[in-house]
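An overview of the molecular structure
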Amino acid sequence: MSFDASEYGRRVADVYDEAYAHLTADDAVDRLVGLAEGGPVCEFGIGTGRLALPLVQRGLSVAGVEGSPAMVAGLRAKPGGDRITVTVGDFSSVRAPGEFALVLLAFNTIFALPDQAAQVACFRNAAAHLRPGGRFVVETWVPDPGAFRAGTALRPVRVAEDEVLLEAAVLHPAEQRMTTTKLRITGSGVRLLPANHRYAWPAELDLMAQLAGLRREHRWTDWTARPFTDESRQHVSVYRREES
Ligand SMILES: C[S@@+](CC[C@H](N)C(=O)[O-])C[C@H]1O[C@@H](n2cnc3c(N)ncnc32)[C@H](O)[C@@H]1O
């Protein structure tokens, strides 16, 4: 399947920060500072630095891999954005210079890769960036089989006085794929924010980790380390490279 790692940013970069301004990074940053134990961090899909910039402010050395020059331009335009080395390319294959205590892949971005092979390659690439004992942290959603029948779906993501965000999806359960377009409706009009997902259940991600020589250390529902349960609709999973 042809895949262009710059496509998401080309369609979304100019409104990304505004559309996700309601997200708070504080819990994620606190948790990641603890997991990095003072060591260097590499964020795959670093975007405009929503998490990376606060991590730098907390004293960590942060590098990134990013497929979209437009997203990198957004990062560079922010205070401290020039202190982060970004390697432009596909994080399932591109190698950023250095050896890291923590590789981060946040905000569902593992599912931006088009198929299982690319996701397996991504886990292997993350492991190759880690020093012995280093951690790969993945944050993503948990597919709900009941909601994932073939066809189309429309759901509200966020409803506020000045903004309504709806997600329209076409579902392909046989391939664990969905193509989505978010409709962001504000006083300025309607903006379409397309994104593709190849989703996987947590157990499949664990197997990808095993193939890459990583073992699972934690799985939480969120960055505050709430236990992962039958009800969890998202997870933060921490995988660890062996010490030697
Ligand atoms: C949902 S955004 C998340 C950005 C940032 N991590 C955050 O939490 O705000 C996903 C980012 O990953 C980038 N991306 C998606 N697929 C990629 C790939 N295969 N290689 C490199 N970057 C990719 C997109 O351009 C975008 O910047």
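The shown structure was predicted, so the numbers you read here are calculated from the model rather than taken from an experiment.

This brings us to the sheet that holds strand E2 (residues 62–66). If you walk across this open sheet you meet the seven strands as E3-E2-E1-E4-E5-E11-E10, and the pairing is mixed. With partners counted over all chains shown, the strands left at the sheet margins are strand E3 (85–88) and strand E10 (214–220), one partner each. Going from strand to strand, the sheet's axes swing by 20° on average, the running direction of each strand aside. With four bridges connecting them, strand E1 (residues 41–44) and E2 associate as parallel partners.

Another aspect to go through is the domain arrangement of the protein chain. Here the protein chain is described as being made up of domain 1 (7–142 + 201–241) and domain 2 (145–197). Using only C-alpha atoms to locate each centre, domain 1 and domain 2 end up separated by 23 Å. Each side of the interface is counted separately: domain 1 has 16 residues, and domain 2 has 16 residues. When domain 1 packs against domain 2, close to 1,300 Å² is buried across both sides, 56% of that on carbon and sulfur atoms. Taken together, the connections running from domain 1 to domain 2 amount to two salt bridges. Where Arg191 meets Asp14, a salt bridge forms, and the shortest distance between an N and an O atom there is 3.0 Å. The interface formed by domain 1 and domain 2 includes six residue pairs in polar contact (both at pLDDT 80 or more).

Okay, the site of the ligand next. The ligand sits among 20 residues. The nearest are Tyr16, Glu43, Gly45, Arg50 and Glu66. Here an oxygen atom of the ligand sits 2.8 Å away from a polar atom, N or O, in the side chain of Arg50. The separation between a nitrogen atom of the ligand and a polar main-chain atom of Phe91 is 3.0 Å. Contact with the protein chains removes 97% of the 590 Å² of surface that the ligand exposes when unbound. Taken together, the residues that form the shell around the ligand break down as 10 nonpolar, six polar and four charged.

Criteria and cut-off values
Residues numbered from 1 in each chain as written. Predicted model: local features only at pLDDT ≥ 70, side-chain atom pairs only at ≥ 80, totals over all residues. Heavy atoms only, no water. Pairing = 2+ DSSP bridges. Helix = DSSP H or I, 4+ residues; strand = E, 2+ residues; numbered from the N terminus. Axes fitted to C-alpha atoms, helices over the stretch in contact; angles between N-to-C directions. Domains from an automatic or database assignment. Contact = heavy atoms within 4.5 Å. Buried area = accessible area lost by both parts, 1.4 Å probe. Salt bridge = Lys/Arg side-chain N within 4 Å of Asp/Glu carboxyl O. Polar contact = N/O pair within 3.5 Å; in protein donor to acceptor, adjacent residues only side chain to side chain. Near = heavy atom within 4 Å. Areas by Shrake-Rupley, 256 points an atom, 1.4 Å probe, with all protein chains shown as cover. Nonpolar A, V, L, I, M, F, W, Y, C, P; charged D, E, K, R; others polar.

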